[in-house]
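Single-letter residue listing:
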Protein chains: 2
Amino acid sequence: MIPFFQFSKRYISLSKEAENAITEISKIILIKKHTELQPIGHTCKTIYFINKGIARIYYFKDGTDITESFSFENNIIARVESLFTGQPSRKAIQILEDAEIVAINSTLLFKLYDKFPEIERLFRLIVESAYVDTINRIEGIQFHSAEERYKALINEAPDVLKRVPLKYIASYLGITQVSLSRIRGIR
Amino acid sequence: MIPFFQFSKRYISLSKEAENAITEISKIILIKKHTELQPIGHTCKTIYFINKGIARIYYFKDGTDITESFSFENNIIARVESLFTGQPSRKAIQILEDAEIVAINSTLLFKLYDKFPEIERLFRLIVESAYVDTINRIEGIQFHSAEERYKALINEAPDVLKRVPLKYIASYLGITQVSLSRIRGIR
DNA sequence: GAATATATTTAACATAAGATAAATAATCAC
DNA sequence: GTGATTATTTATCTTATGTTAAATATATTC
């Protein structure tokens, strides 16, 4: 749990009691790559924090696999459209590199909010930050060519390029794999 | 302030004291259409709630005006990438129809969070919901054609089409005005 | 309500990205 | 390590959307 509490310090410093309360509702799991951490159709009741490895959220559009997002070490991953609405998710979480993951039970977490306002605040700040990232991502998609988006990704997240198969990156950028390959070929 | 508290009831029911505290840090303003409510380059310290009228957030990309979002009656509008980071915003808020707006001072609001956990919770829930909307919007952009996006907008927000000039809608959909006009022409 | 400014559509042409198929290259399983 | 599977690139052709410019249509101002 140490990496998670280090991560949380970026937002707020928790009391020992709050940390213990979070530890009690969490467990650490080891997962092999290519494994489905959460399947499509399942209502999400878990927030994950990645100690080691890579995960992605994906879904199918007309039979095509589309990557919504990637998460790396020291970051959170959750299917928020399900977590915050109670609706079953149309998305799945898949592990791309052997991973060690902290699984936080969200039902119990949300209950902790009453007893520990500091925990509620922590997750409020995490969501605010993720929301800002998403707003910025829309700006990135809205009026940039495929090539611009690819180059932006190289700059902002070179790790993705090194560690994730291109076929997953293409749909994340909103283009086909063939287009991505063509863009990469131009030099 | 009544419409705002009616809106907030969707998320949580506030105590009278909490409502009064919010009222004290808010003011109601009337603005004519085409007015700039907030200029580009200004660090955002206000959360707006629209009682009446329409507003949009926009920015410039290579000299072209791009609409990030619209907000109508009974909804919140804020430049969150500035509000939550303290950075100056590259975006502006513009009024598209004569408006009556509640302006909530965010600096004072964030201070109220300590005294009123229920207010912190309200805004946590509002942000969670806005975040989910934004995630869904990315899905809408990521792999749909211009025509699909236009038709989705007709279904989900027919009001936008009726009350907002097409030139603003085009960039919101991520296409040029000429493309939008062409799509509309097909019948 | 005429004159002006602004918004929308239409046309013609250019280009980026999609689709399909096939060729390589890389990875995995035994 | 060899064969089989999976990932990536390359080629060809098609199509949707961008670009520029001009023509209408609508809204605004005096």
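Small disclaimer: the values here were computed from a predicted structure and weren't measured. (Residues numbered from 1 in each chain as written. Chains lettered and ligands numbered in written order. Predicted model: local features only at pLDDT ≥ 70, side-chain atom pairs only at ≥ 80, totals over all residues. Heavy atoms only, no water.)

Caption draft 1: The overall build of chain A, seen in detail. For chain A, the count of helices and strands is nine helices and six strands. Relative to the 2.2 N^0.38 estimate, which gives 16 Å for 187 residues, the radius of gyration of chain A is 17 Å and therefore close to what a compact globule would have. In terms of overall dimensions, chain A has C-alpha extents of about 55 × 30 × 30 Å along its principal axes. Across the 187 residues in chain A, those meeting the buried criterion constitute 51%. Of the contacts formed within chain A by residues at least 6 apart in sequence, a portion of 70% connects residues at least 24 apart. Within the structure as shown, chain A displays about 9000 Å² of accessible surface, and the carbon and sulfur contribution to it stands at 53%. The positive charge centre, built from 26 side chains, and the negative charge centre, built from 22, are 4 Å apart in chain A. (Helix = DSSP H or I, 4+ residues; strand = E, 2+ residues; numbered from the N terminus. Rg over C-alpha atoms; globule rule 2.2 N^0.38 Å. Buried < 20%, exposed > 50% of the residue type's maximum accessible area, 1.4 Å probe, protein only. Contact = heavy atoms within 4.5 Å. Areas by Shrake-Rupley, 256 points an atom, 1.4 Å probe, with all protein chains shown as cover. Lys, Arg positive; Asp, Glu negative; His and termini not counted. Charge placed at Lys NZ, Arg CZ, Asp CG, Glu CD.)

Caption draft 2: Representation of the relation of the copies chain B and chain A. Mapping chain B onto chain A calls for a rotation angle of 180 degrees and an axial translation of 0.0 Å; the resulting RMSD is 0.0 Å. With respect to symmetry, the two chain copies, as superposed, fit the operation of a two-fold axis. An overlap of 100% is found between the interface residues of chain B and their copies at the interface of chain A, pointing to a shared contact surface. (Least-squares fit on C-alpha atoms with pLDDT ≥ 70 in both.)

Caption draft 3: Spatial organisation of the side chain of Thr-46 of chain B. Examined against the element boundaries, Thr-46 of chain B turns out to sit in strand E3 (residues 46-61). Given a relative accessible area of 14%, Thr-46 of chain B falls into the buried group.

Caption draft 4: Structural detail: the pairing of strand E6 (residues 92-105) of chain B. Residues and elements named next belong to chain B. Judged by how many residues are buried, E6 sits mostly within the fold: ten of 14 residues are covered. Bridging between strand E1 (residues 26-31) and E6 involves six bridges; their strand directions are antiparallel. Counted as the bridge partner of Lys-27 is Ala-103 from E6. Note: E3 against E6, eleven bridges, orientation antiparallel. By the bridge assignment, Ile-50 is partnered in E6 with Ile-101. (Pairing = 2+ DSSP bridges.)

Caption draft 5: Seen up close, the protein's contact with DNA strand D. Around DNA strand D sit 17 residues, and of these Leu-166 and Lys-167 of chain A together with Ala-146, Ser-179 and Arg-182 of chain B come closest. Atoms of DNA strand D within 4 Å of the protein: sugar and phosphate make up 62%, bases the balance. Between a phosphate oxygen of DNA strand D and a side-chain N or O atom of Ser-179 of chain B, the distance comes to 2.4 Å. Among the elements of the structure, helix H8 (166-172) and helix H9 (177-185) of chain A together with helix H9 (177-185) of chain B are those that each provide at least two residues to the surface near DNA strand D. Sort the elements by how many residues they give to the surface near DNA strand D and H9 of chain A lands first, with five residues. (Near = heavy atom within 4 Å. Polar contact = N/O pair within 3.5 Å; in protein donor to acceptor, adjacent residues only side chain to side chain.)

Everything listed here is a matter of geometry and, on its own, says nothing about what the molecule does.
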